[in-house]
Amino acid sequence: MARYNYQPAEVMDFSKGMYEDYVGAPINSAEVLTNFYILGNKSIKTRPGTLLDVATNADAQIPSGSNAVGTLISYNNSEKLFVHAATKLYYRNPTAYATLNGPTGNSAFPNASADTYLANTEWNRHLIITTDAFDLPVKVYRDSAGNYQLRTAGLPALASSPTCTGAAGTNAYTYAFLHKYTYTVGDETFIDRGPLTLVQKTSIAAPNVSTVAITLIPTLANGVTKSYDTTNIKIEIYRTINGGVEFYKLDEVTNGTATFNDTFSDATIQNNELIYTTGGVPDNDPPPLSKFCHTVNGFTYYAYLKEGSEIFPNDIVQSQALDPDSVPGSFRDKLEDEITGLSSVQDVPIVGCRKHVYRIDGAFDEVGRGGMTHRRISDHAGCISHESFVQAEGGLFWFGNDGVYYTEGFRCQKVTSHLDRTYKTFVDYLRGKNRKIKGAFNEYTRTLYWTVSSTGRGEGSEICDAIWGIDLQWGVSSEMTSWLWKGGDSFFPTALTVHDGTLYRGDQYGYVLYFDDDTVSDPKIVAGFDPATWFEETIIWRYKSPASNFGTSFVRKTANKILISAKNETNVSIAITAINDDGKFERDLTPIRWRKNFIWGDEDFYWGNPDFSWFYGGTIEVDRRFPAGGLRFNYLQIEITNDYTNIINSDAAGLATVNSTAKTAVLVGAATVDWPSQVVDYYISFESDGFLKEYKVTGRPDDNTIALEDIDGTLPNGNYRWQLKGYRKREIMNLLGYSISWALLTRSHDTFNTGESGDLE
């Protein structure tokens, strides 16, 4: 019998994350790393499960029903979470969703649809929002009474010029009219003023000699698209002195007041307030219709503009300093490429385009001096989704044309060079609907997150079904650490944000959920039904190592055992597969079924099992032998995932009465035992055919009855012993590492004269 010199190969570090060229890849990487995240000790742990963001189940869904959540916005340092879907903006108030409408009841985004995307930015507790449906930009804030308000951003010019009528004379005056709005955000007062409407009068008598009657002052109305506070808006009236150029305030009237009499002398008004344009300050034009907005250094930028029916996809405008909804039309720049996103890094505005990426240097001052200068920092990176921009720790990350990119403001670096095919797949599955990619950053976990599509669906059904995480705790490099989170049939993240230190996701059926460290499953969402009746979905975690040759390919190797080390957090079922030479031969090892814990509330536990003890923590250290056959290899991979295992059987719970017509199974001992409450999606078999055919559990009408899927019509009738199997729910895997016992063998490679050409020489 041959004796081999076995030695251990230990893997205790998983910090490299996903790596698609896995043959010979670093040992701390993984071909597959799904539903894990990496802890500070470099071990991997099952991702958190998700919970509904609800106080009462009846209020779980947004008021518009099963509409996809388009955007989640964490406002003012997590003071409030806003939820966007189609034309509406919602928030919890405090337990049920409230709809945030304008003062006259108009929706936040009247032009929007289910496919509309938002851009949002904050300045001094103001939330500014634009849409790619070119809705009027809006601002959201909390007033001094504690109420959230929605307003159309900025103020328009008067709809028409008032009429000024006076007696004939020798004087010349110019009148100026503008809208003014005073409001509060918290305990601070703000004043908005709109652009000027001018009326010139020549050959007229002095107003203090003969009254100048001002009539036909137009009324600002909201119609069905605007959200101005028309009740509290004022119209300010200014006038020059005879032959003068400076405007002095005469008075103001409430919106809706059509007349005013000017009886003031020049001497009287020269002590009055000067108009805000004094000194050459340009008019406060309202924010333009635009797809994108972003605030940095006190300036708010708007990009990809629309004026009338004409679109300017390369244009960007800048607001006045510290005034996000006063945007002079002359504060403008035009880039060479179509703009696709807008953000900043530190104090530098960054503009993503189809092909290029720019930084913006300089700014217009109050009177329009200076200006914006765009400087290209990448010729090829581009940006495919505005909402993929994520600011993190002094840098900016986003989805570019061929990977995830990073900039500190001066250069661009791809950080997913080791995942080019993976990235391409994530993007290609969206078929151009790239704005479905949404990003977020959690500063507490130092993790970047993006929604991606990992599974191809039919054309017209493009949707994100996974979250791609990139971990900053291992630094910024061309090959950053990443992993993938997925779920079952209810895991479709349509929006992401980090709110109060917690990652939230929107859902295609109008629900908002959050990831919770103490939760180890996801809800099986059934839209339109009370969430209290929903079941749970198992989180399927999967680690697949790189293919390692243990330092040499000159000779074959063999392995006889593997030791798994894991933290004991729950009972856990572990399937282990050994894969030889990049899939040439696969061997399933005996699963590890750790059942030594009893945690209060474990509904799969039945009293009387002597192997169970009260949960005591510690570690799980179990070894398994590699099965005979296929022991020789050059490269070896290890796959570790959930085991499809026994849940419970009739030995513990008694016989079941099966009804093939009703497609149900009812426990015979119903008075003393129940089906597990989370039995849905497990599979049951019966002794009638030797426990061969398995039937999926689709429902649990009551404690003693389960509904079964019987596509082939093969369910038996009668009382039978049974076996329930599946991927157990609520199991956490914290893989600390593993050690493979391996040894060198001899050379067994094909020789030159019989291998390379396939012909003997």
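Up top is the structure these notes are about.
Source: prediction; values computed, not measured.

**Re the overall build of the protein**
Here is step 1: On a plain count of helices and strands, the protein comes out with four helices and 62 strands.
Here is step 2: Here the C-alpha coordinates of the protein stretch approximately 125 × 75 × 45 Å along the principal axes.
Here is step 3: Relative to its 761 residues, the protein shows a buried fraction of 56%.
Here is step 4: Taking as baseline every contact in the protein between residues at least 6 positions apart, the subset at least 24 positions apart corresponds to 65%.
Here is step 5: Carbon and sulfur atoms make up 47% of the accessible area of the protein, which totals about 31400 Å².

**Some words on the pattern of salt bridges**
Here is step 1: Within this structure, the stated rule accounts for 53 salt bridges.
Here is step 2: In this structure, the salt-bridge partner of D402 is K414, at a minimum N-O distance of 3.5 Å. One end of the pair, D402, is in the loop between β33 (395–399) and β34 (404–407); the other, K414, is in strand β35 (residues 412–414), and twelve residues separate them in sequence.
Here is step 3: Judged by its relative accessible area of 32%, D402 is partly exposed.
Here is step 4: If you follow the salt bridges from partner to partner, you end up with K180, R193, E236, K249, E252 and E273 in one network.

**So, the sheet that holds β35**
Here is step 1: Spatially, the four strands line up as an open sheet ordered β32-β33-β34-β35, and their pairing is antiparallel. Whereas interior strands pair on both sides, the edge strands pair on one side only; in this sheet they are β32 (390–392) and β35. Shown here is a sheet whose adjacent strand axes are inclined to one another by a mean of 30°, direction ignored.
Here is step 2: Relative to β35, β34 runs antiparallel, the two being bridged by three bridges. Residue Y406 lies in a different strand from β35, and its bridge partner there is Q413.

**What about the sheet that holds strand β26 (residues 310–318)?**
Here is step 1: Taking strand neighbours across the sheet as the criterion, the four strands line up as β24-β25-β26-β27 in an open arrangement whose pairing is antiparallel. Two strands close off the open sheet at either side, each with one partner strand: β24 (289–296) and β27 (332–334). Mean inter-strand twist for the sheet, computed between neighbouring axes without regard to direction, equals 25°.
Here is step 2: In the sheet, β24 pairs with strand β25 (residues 299–307) via seven bridges, with the strands oriented antiparallel. When the sheet's bridge partners are listed, L289 is paired in β25 with K306.

**What about the side chain of T197?**
Here is step 1: Mapped onto the elements, T197 comes out in strand β19 (residues 197–204).
Here is step 2: Judged by relative accessible area, which is 9%, T197 ranks as buried.
Here is step 3: Within the structure, the side chain of T197 is placed 3.5 Å from the backbone nitrogen of L158, a separation counted as a polar contact.
Here is step 4: Every residue in contact with T197, bar those within four places of it in the chain, is listed here: A157, L158, S160, S161, P162, Y175, A176 and F177.

**A few points about unusual backbone geometry**
Here is step 1: At the junction of N93 and P94, the peptide bond is cis and its omega measures out at -20° in the coordinates.
Here is step 2: On the secondary structure map, P94 appears in the loop between β10 (88–92) and β11 (97–99).
Here is step 3: Of note, N124 is a non-glycine position whose phi angle comes to about 50°, a positive value.
Here is step 4: Tracing the chain through its elements places N124 in the loop between β12 (118–123) and β13 (126–131).
Here is step 5: With a phi angle near 60°, L216 is a residue other than glycine that sits in the positive phi range.

**Describing helix α2 (residues 420–428)**
Here is step 1: For α2, the set of buried residues is T422, Y423, F426 and V427. End-on, the buried residues of α2 take up no more than an arc of 130°, which puts them together on one face.

**Considerations on the pairing of strand β20 (residues 212–215)**
Here is step 1: Residues V212 and I214 of β20 are buried on one face, while the alternating residues A213 and T215, pointing to the opposite face, are not.
Here is step 2: Examined bridge by bridge, strand β16 (residues 163–165) and β20 share three bridges and lie antiparallel to one another. Each residue of the ladder has a partner; that of T163, found in β20, is T215.
Here is step 3: Pairing of β20 with strand β23 (residues 260–262), which is carried by three bridges, proceeds in the antiparallel orientation. Counterpart to V212 in the pairing with β23 is D262.

The rules behind these values
- Residues numbered from 1 in each chain as written.
- Predicted model: local features only at pLDDT ≥ 70, side-chain atom pairs only at ≥ 80, totals over all residues.
- Heavy atoms only, no water.
- Helix = DSSP H or I, 4+ residues; strand = E, 2+ residues; numbered from the N terminus.
- Buried < 20%, exposed > 50% of the residue type's maximum accessible area, 1.4 Å probe, protein only.
- Contact = heavy atoms within 4.5 Å.
- Areas by Shrake-Rupley, 256 points an atom, 1.4 Å probe, with all protein chains shown as cover.
- Salt bridge = Lys/Arg side-chain N within 4 Å of Asp/Glu carboxyl O.
- Pairing = 2+ DSSP bridges.
- Axes fitted to C-alpha atoms, helices over the stretch in contact; angles between N-to-C directions.
- Polar contact = N/O pair within 3.5 Å; in protein donor to acceptor, adjacent residues only side chain to side chain.
- Arc of directions from axis to C-beta.

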